[in-house]
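# Results of the structural survey
Each chain, letter by letter, is given below.
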Amino acid sequence: MGSGRGLVHLGNAEAVRDESRANLFTVSSVLLVIWILSITLTSSMRKEILGPMERIVKIIENLIHDPLGAQRLSKDLQTEETEECEKRKHSGSTMFWRLGEKPKKEEKNVYEVEKAILRVGKLLQLGLGEAGAKIISANMKDGNMQMDRSGELVHAIFGFCDIRNFTDCTEVLRADIVKLVNGIARHVHECTADNYGAANKNIGDAFLLVWKPKGDLGISTVAEASLRSYVRVILQMQMCKELRRWENKAAIQERMPGFQIRLGYGLHYGWAVEGAIGSPNKIDASYLSPHVNMAARLEAATKQYGTAILLSDSIYALMSSTIRSLCRLVDRVTVKGSIHPVSLYTYDVPDIVTRSGTLADDTRVMDLEISTHDFFTQLVPPCRSQSFRQLHRRGMDFYLGGYNGNKADWHKAAMVLRKCLQLHPSDGPTEAILNVIRAQAQEDGSAPSNWPGFRPLSEK
């Protein structure tokens, strides 16, 4: 029989327990270190990566809901960046700084991404204006431009203004005409924005402006603010030294002696369809309505009446009795494409002393603290006195002859209006009506037998 041998190892239980404790301590220590590093790195990553990314997402979301808020978001970002820098000066900054590294380049890049997004928002603001805000928001949600969307019906005040002698200025200034137009646009847009309005279109030598009631703003407040916008534009441009230098250029004065920068202004209230006009290749956010065309026709008619501003009765009726009393009725007409007569009004804007007027050159027309009521009644009252306006209104009543014209007395109208010219020999609205009477009166000087109390507007 063979014999076998076996080895038996008897372990020491106490040694095994000691070794287990050592291993457990080692594992626990490693886990603790990992946990501490995880907490530290998570905090750093949140501050250095997740925080800026959350801000970027927030900016994009804000631009989706309010594309015109880019300017405000830009200021908020600048304030936040300044506050963050101040914190780091006093607290020692992030973990990476404490490790002696310089990660500011990465963080700066994140801020640059934020600023780049805001620049896109500003471009949207400049390119499409207020009318395009809703359109942009809707289409950014869908991810593409849908041209089959219906427009939105809105009620608004439409303003149209046009630069006088633009063709002559262009031929003289050539490429520099852009500088002149932009100089004028700055005043037009600024005064409009300061008075609850928005610039909608720049059309070469013309500007389309829109005022819409918003929130707690009543339509009467907005209507008076739109007129204030125009009055302020006129006076602000007269006070502008930069525009005066353009006026005094030798080439300009040689072409048009005595040239002064002037605009015509039309103002009308009515409905319009607000929407995206164009194709996927080119789109404009604008308004479609005969009421927009009316504002343009009123602007064109300012030349005929020799006045800067023409208001329709639709906006005149929205104003307070005080502001209405400062305006002047200049005619009642029908415009092309309409059979309904429209009463036309003007506001006699005074010139500053430098322009041989009566208003001080340093009048605070830009002071937004002055109420609209005080602006018109105290700061910039009309240059035609109340007695003159009353006399002119008497002449207009004789000329129009009531609602249907059957009370017209053109003999008395001519007599009263000639008195107005004696007081102000160059009064444009008075001369315009006297010209109508001369052209259309019967041989005995009376109104036409079929005079309806209004006339077709002879110019666009």
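All values derive from a computational prediction rather than experimental measurement.

Our focus in this paragraph is the overall build of the protein chain. When helices and strands are counted, the protein chain shows 17 helices and nine strands. Residue burial in the protein chain is summarised as follows: out of 460 residues, 43% are buried. A separation threshold of at least 6 residues defines the contact pool for the protein chain, and within that pool the share at least 24 residues apart is 70%. Counting every atom, the protein chain has about 25,700 Å² of accessible surface; 55% of that belongs to carbon and sulfur.

Turning our attention to the side chain of glutamate 299. Mapped onto the elements of the fold, glutamate 299 is located in helix H11 (residues 290–305). Using a relative accessible area of 5% as the deciding quantity, one classes glutamate 299 as buried. When neighbours within four sequence positions are excluded, glutamate 299 is seen to be in contact with Phe160, Cys161, Asp162, Arg164, Gly264, Tyr265 and Gly266.

Another aspect to go through is the environment of histidine 155. Along the chain, histidine 155 turns up in strand S1 (residues 152–163). Each C-alpha atom of the pair histidine 155 and histidine 291 lies 9.9 Å from the other, and the pair is 136 residues apart in sequence. Discounting residues that sit within four places of it in the chain, histidine 155 has contacts with Lys212, Pro213, Tyr269, Gly270 and Trp271.

This brings us to the nonpolar core. Formed by 70 residues in total, the largest nonpolar core has its most connected members in Ile184, Phe207, Leu227, Val231, Leu263 and Tyr399. Broken down by element, the residue count for this core peaks at 10 residues, all from helix H8 (residues 219–239). Not counting chain neighbours up to four residues away, the residues in contact with tyrosine 399 comprise Asp331, Ala408, Trp410, Ala413, Ile433, Val436, Ile437, Trp451 and Arg455.

One way to put it is that H8 packs onto helix H14 (residues 372–379) with a least axis distance of 10 Å and a crossing angle of 45°. Relative to H14, H8 is oriented oblique. Here H8 runs over H14; the crossing is left-handed. Across from Glu224, Leu227, Arg228, Val231 and Arg232 in H8, the residues of H14 making contact are Thr372, Phe375 and Phe376.

As for its placement among the helices and strands, lysine 407 is situated in the loop between helix H15 (386–400) and helix H16 (410–423). By relative accessible area, lysine 407 is classed as exposed at 66%. C-alpha separation for the pair lysine 407 and tryptophan 451, spaced 44 residues apart in sequence, amounts to 9.8 Å.

Bringing the packing of helix H7 (residues 177–193) against H8 into the picture now. Two elements in contact, H7 and H8, have axes whose closest approach is 9 Å; the angle formed by their N-to-C orientations is 145°. The interaxial crossing formed by H7 with H8 has right-handed handedness. Residue-level inspection shows Ile184, His187, Val188, Glu190, Cys191 and Thr192 of H7 in contact with H8, the latter providing Ser229, Arg232, Val233, Gln236 and Met237. Its residues placed into classes, the contact of H7 with H8 shows five nonpolar, four polar and two charged.

To continue, consider the pattern of salt bridges. Taken as a whole and judged by the stated rule, the model has 16 salt bridges. Taking the shortest distance from any N to any O, the salt bridge between lysine 212 and glutamate 274 comes out at 2.9 Å. With lysine 212 in the loop between strand S3 (206–211) and H8 and glutamate 274 in strand S4 (residues 263–279), the pair connects residues that are 62 residues apart, well separated along the chain. Residue class for glutamate 274 comes out buried when judged on its relative accessible area of 5%. Measuring nitrogen to oxygen at the nearest pair gives 2.2 Å for the salt bridge that ties arginine 364 to aspartate 367.

Attention now goes to the layout of surface pockets. Each pocket or cavity is described by its volume, and for the largest pocket that value is around 750 Å³. Arg262, Gly306, Thr307, Ala308 and Asp351 are the residues nearest the centre of the largest pocket, which is lined by 32 residues in total. Contributing elements (two or more residues each) for the lining of the largest pocket: H8, S4, H11 and helix H17 (428–440). For the lining of the largest pocket, a count of residues per class yields 12 nonpolar, 11 polar and nine charged.

Each regular strand shows side chains that alternate between the opposite faces of the sheet. Burial analysis of S3 places six of its six residues in the buried class, which makes it a mostly covered element. In S3, alternate side chains face the same way, and those of Ala206, Leu208 and Val210 on one face and Phe207, Leu209 and Trp211 on the other are all buried. In the sheet, strand S2 (residues 197–203) pairs with S3 via six bridges, with the strands oriented antiparallel. Looking at the pairing, isoleucine 203 lines up with alanine 206 of S3. Between S2 and S3, which pair antiparallel and follow one another directly, the connecting turn spans two residues, one of which, glycine 204, has a positive phi of 65°.

Together, Leu153, Trp271, Val273, Ile277 and Leu288 give the surface a local cluster of nonpolar side chains, amounting to about 430 Å² of exposed area. Ranked by residues supplied to the nonpolar patch, first place goes to S4 with three residues. Mapped onto the fold, isoleucine 277 is located in strand S4.

Let us now look at the packing of aromatic side chains. Summed over the entire model, instances satisfying the criterion amount to nine aromatic pairs. Judged by centre distance (5.5 Å) and plane angle (65°), the ring pair of phenylalanine 158 and tyrosine 287 falls under edge-to-face. Residue phenylalanine 158 is found in strand S1, and its partner tyrosine 287 is found in strand S5 (residues 282–288); the two are separated by 129 residues along the sequence. Here phenylalanine 158 matches tyrosine 287 in class, with each residue buried.

A separate point is unusual backbone geometry. Phi at tyrosine 196 is positive, roughly 70°, even though this residue is not glycine. On the basis of relative accessibility, which here comes to 38%, the residue tyrosine 196 falls in the partly exposed class. The backbone phi angle of serine 356 is positive, close to 65°, even though this residue is not glycine. Structurally, serine 356 is set in the loop between strand S8 (342–346) and H14.

Criteria and thresholds
Residues numbered from 1 in each chain as written. Predicted model: local features only at pLDDT ≥ 70, side-chain atom pairs only at ≥ 80, totals over all residues. Heavy atoms only, no water. Helix = DSSP H or I, 4+ residues; strand = E, 2+ residues; numbered from the N terminus. Buried < 20%, exposed > 50% of the residue type's maximum accessible area, 1.4 Å probe, protein only. Contact = heavy atoms within 4.5 Å. Areas by Shrake-Rupley, 256 points an atom, 1.4 Å probe, with all protein chains shown as cover. Core = buried A, V, L, I, M, F, W, Y, C linked by side-chain atoms within 4.5 Å. Axes fitted to C-alpha atoms, helices over the stretch in contact; angles between N-to-C directions. Parallel < 35°, antiparallel > 145°, perpendicular 65-115°, else oblique. Left-handed = near helix turned anticlockwise from the far one by under 90°. Nonpolar A, V, L, I, M, F, W, Y, C, P; charged D, E, K, R; others polar. Salt bridge = Lys/Arg side-chain N within 4 Å of Asp/Glu carboxyl O. 1 Å grid on protein atoms, 1.4 Å probe; cavity = no way out; pocket = protein on both sides within 12 Å on 5 of 7 lines; lining within 4 Å. Points joined across faces, edges and corners; volume = space filled by probe spheres on them. Pairing = 2+ DSSP bridges. Patch = residues over 30% accessible without salt bridge, like charges linked within 9 Å, V, L, I, M, F, W, Y side chains within 5 Å. Phe/Tyr/Trp six-rings, centres within 6.5 Å; stacked < 30°, edge-to-face > 60°.

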